[in-house]
Every structure is written in C-alpha cells, then in structure tokens.
Amino acid sequence: MKLFKSLLIAPAALGLMAPVAVNADTAFSPTTKLKSSVNFTVGSNTDSADGDELHSSYEMKWKATTSFTGEDKLVGKFEIGSGKTLAGGIDPQSSKGGGKTPTLTDLYYQFPLAEDLTISIGPKMDGDQGLAGTTSVYGEPVLLAADGYYALAGEGGTGATIAYAGDNGWNASLNMTAADGDDASKGIFGDDTEDYVTAQLGFDGDGFGGTFTYSDSSDTYTAYGIGGYFQPESIPVTVSAYFDSMDPETGEEDENWVVGVEADAGPDTLGVGVGTQKGTDEKLTYEAWYDYKIADGVKITPMIWTSEDAGVGGEDLSGAAVNVKYKF
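Just so we're clear, the structure is a prediction, and the values are computed from it rather than from any experiment.

In terms of helices and strands, the chain carries two helices and 16 strands. Burial status across the chain gives 40% buried among its 328 residues. Across the chain, every contact between residues at least 6 apart in sequence was considered, and the portion connecting residues at least 24 apart equals 52%. Put simply, the chain shows about 16,300 Å² of open surface, and 57% of that area lies on carbon and sulfur atoms.

The following block contains the structure:
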C-alpha cells in the first residue's frame, strides 16, 4: 500500500514543476480570479432542543484561483461564519469555518497530466476533491445529505487525486488524503496516521449518469455508495438518487439514501427531496425549497422541512427558513 501511495503522489509532485517550465518557454502571464459568496439565513424549528425561537446564521466564502498555463489552477479557499447548524438542524449553506476569523479550508493545485487525465495535489484538500464523476445534481440546500454522503466524506488534509474523464463518458478517480497532514508536526501515510482512500467509477452521458464510490479509512470505517441522475430533454425536470452504507470498525452499520427532484416552476427552480440523514436510524426527512433569482448574483431560497421523531420527546421536528445568497 505504501508503494502504491508513493506511485500516486510522486508524479503529482513532479507535476508541480510543470508551470515553471511552461512559463519559461511561452512567457505566459499568470492570471488570478477571486470569487466570493455570502449567505444570510433566518429560520426556526418546532420541537427543537434549541427552542422554537427565530435563529439566524451567516457565512462568507472566498475562492482565489490562479492559472499559470491556462490549463492548470492553484486554488485557495477561505471561510468565515457562525457555524454549521441553525436551530438544531438547518444547514442550507454549511460553513466549514464556523468561526469569526477567516479559516483556510482548501489549498491545492490541479493540472492536466495528459489528455483526459488530471492531477490534484495539495496540503489541504477534501476527500472528494478532484473526483471526475457526477453523483447527483440535486441542490441539497436544506437538510438531506447536509454533512455529505458517507462514501464521499473522507476527511480533508494533505492529499492527491488522479482522475480520468474520457470522451466516451466514462470516468475513474482515486483520491488519498492524510487527515493530519496539514499539521507539519505529524506524518502522512504512515503506520500511525489517519488516512483515507476514495475510489470512484462513473459515467456521464447525454442527460444521465452516475457513480459508484468506495471509501476506506485506515482505522475508522469502510463505505460504499451508488448514485445517479436523469435530466430528460423533453421536460424541465431532473431526478437524482443516492444510496450509501458505512461499516465502522466499532459499532453498527449505517445506511443513508436520498431522492431529490428539481423542476422549472415559474421563473426559477422548485426542489423537493426525501431521504434519511446520517445516523438517524432510517428516520425519514422531507424537504421542499424554491430558488428565486432577484438579480444577477442575488438569490433568495425559502425552504420547509420535517424530520421524523427528531424533536423533543420523540415528536417530529419541522421548520422553515429563508436563505439569501450573494455571489460576486
């Protein structure tokens, strides 16, 4: 396994030198773009342990992307926000930062190694960063899969991904991350480190596609997931479905599934979903939301939901919220 990991990471590390060589030959000037987004959310749950009061949350994200060759990108992401949850479960746009000072959440470099073959490598990247497949096209702005699917939830850290995306629609990816790798005092991919491996095989065709994903943690769990989507040309509707299962080293196996539908409704998009949330013993959650674009870069999303037996005293937990998102 150590030799296999080295074979994956070594060519990626060598590829970091590619932009220098290209710039020397072509005098290409690096270009940098900065994108930002802001979310304001106000809402409340009934029968929540946090009470029925109106709550609010916020987050702001920055993404800086620099290209040295026109085909590569160096990405750095920062986030600041009031936390991942609101009123015991609202998570329309969860913030990794969850603090009142900006937090570096991602730092990686991505470049083409050959035609149809891409490498991503960095000191801080997600367990699903750089995977070539499309598992779902459902927006997931409320509760369902808010914390990510088990098979796609490998903890971020120092990592590398090699991804193939062919012209025939087939794709395959392999990601490896060391959860403690962004701490310089700890090792990576060693006997006593927490490492994650995620392998994925997928297909993206004309209006449909999906993936099979397998994930393994060095000492925590194994998981697999199957997902797919359908986007017919004849009607403005998309359907996505996903199922995955996690088998921990200790404890019982847990399963998670989601079905989500989006459709054009009036000027914008209506979404409805049903499924289970991770660790809820297969209790169902239902949600509905509507994306309404008020201006270029400004979108408002009212949403409602209910989760079986998730409230105080085993009652159903229901709630509503409004999210306003700005992109610039």
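Now for the pattern of salt bridges. The tally for this structure, following the rule as stated, stands at four salt bridges. One salt bridge connects K61 with E79, and the closest N-O pair in it is separated by 4.0 Å. Of the two residues, K61 sits in strand β2 (residues 55-67) while E79 sits in strand β3 (residues 73-81), which places them 18 residues apart along the sequence. On the basis of relative accessible area, K61 is assigned to the partly exposed category, the value being 27%. One salt-bridge network, held together by shared partners, links E59, K61 and E79.

A cluster of nonpolar residues, F208, F230, V239, W257 and V259, forms a patch on the protein surface that exposes about 410 Å² of accessible area. Within the secondary structure, V239 sits in strand β11 (residues 237-248). The exposure class of V239 is partly exposed, given its relative accessible area of 34%.

All right, on to unusual backbone geometry then. Glycine aside, residues mostly have negative phi angles, and peptide bonds mostly take the trans form. You will see that D116, though not glycine, has its phi angle at about 75°, which is positive. By the secondary structure assignment, D116 is in the loop between β4 (103-114) and β5 (117-125).

Under the criterion given, the structure shown has nine aromatic pairs. Look at F68 and Y109: their rings are 6.5 Å apart centre to centre, the planes differ by 65°, and that puts the pair in the edge-to-face class. Separated by 41 residues along the polypeptide, F68 in the loop between β2 and β3 and Y109 in strand β4 bring together distant segments of the chain. Connected via pairs of aromatic rings, a cluster forms that spans F68, Y109 and F111.

Assignment of secondary structure puts G127 in the loop between β5 and β6 (157-165). For G127 and D195, which are 68 residues apart along the polypeptide, the C-alpha to C-alpha distance reads 9.9 Å. G127 has contacts with G154, E155, G156, N175, T177 and T198, leaving out every residue within four places of it along the chain.

As a further point, take the environment of S44. Along the chain, S44 turns up in strand β1 (residues 31-46). Residue S44 is classed as buried on the basis of its relative accessible area, which comes to 16%. Counting along the chain gives 275 residues from S44 to G319, while the straight-line C-alpha distance between them is 5.5 Å.

As a further point, take a negative patch on the surface. A grouping of D219, D247, E249, E253, E255 and E282 is seen on the molecular surface, where their side chains present a negatively charged patch. Mapping D247 onto the fold places it in strand β11.

Looking at the element boundaries, N39 is found in strand β1. Here E59 takes part through its side chain, which lies 2.9 Å from a polar atom of the side chain of N39. Within the local environment of N39, its side chain forms a polar contact with the side chain of N323, the two groups lying 3.0 Å apart.

So, about the pairing of strand β14 (residues 284-295). In the sheet, strand β13 (residues 268-276) pairs with β14 via eight bridges, with the strands oriented antiparallel. Bridged to T276 within β14 is L284. Judged from the eight bridges that link them, β14 and strand β15 (residues 298-307) form a sheet pairing that is antiparallel. The partner of Y292 across the bridge, within β15, is I300. The loop that links β14 with its antiparallel partner β15 comprises two residues; one of these, G297, has a positive phi angle of about 85°.

Procedures and definitions
- Residues numbered from 1 in each chain as written.
- Predicted model: local features only at pLDDT ≥ 70, side-chain atom pairs only at ≥ 80, totals over all residues.
- Heavy atoms only, no water.
- Helix = DSSP H or I, 4+ residues; strand = E, 2+ residues; numbered from the N terminus.
- Buried < 20%, exposed > 50% of the residue type's maximum accessible area, 1.4 Å probe, protein only.
- Contact = heavy atoms within 4.5 Å.
- Areas by Shrake-Rupley, 256 points an atom, 1.4 Å probe, with all protein chains shown as cover.
- Salt bridge = Lys/Arg side-chain N within 4 Å of Asp/Glu carboxyl O.
- Patch = residues over 30% accessible without salt bridge, like charges linked within 9 Å, V, L, I, M, F, W, Y side chains within 5 Å.
- Phe/Tyr/Trp six-rings, centres within 6.5 Å; stacked < 30°, edge-to-face > 60°.
- Lys, Arg positive; Asp, Glu negative; His and termini not counted.
- Charge placed at Lys NZ, Arg CZ, Asp CG, Glu CD.
- Polar contact = N/O pair within 3.5 Å; in protein donor to acceptor, adjacent residues only side chain to side chain.
- Pairing = 2+ DSSP bridges.

The values reported here are purely geometric and, on their own, carry no functional implication.
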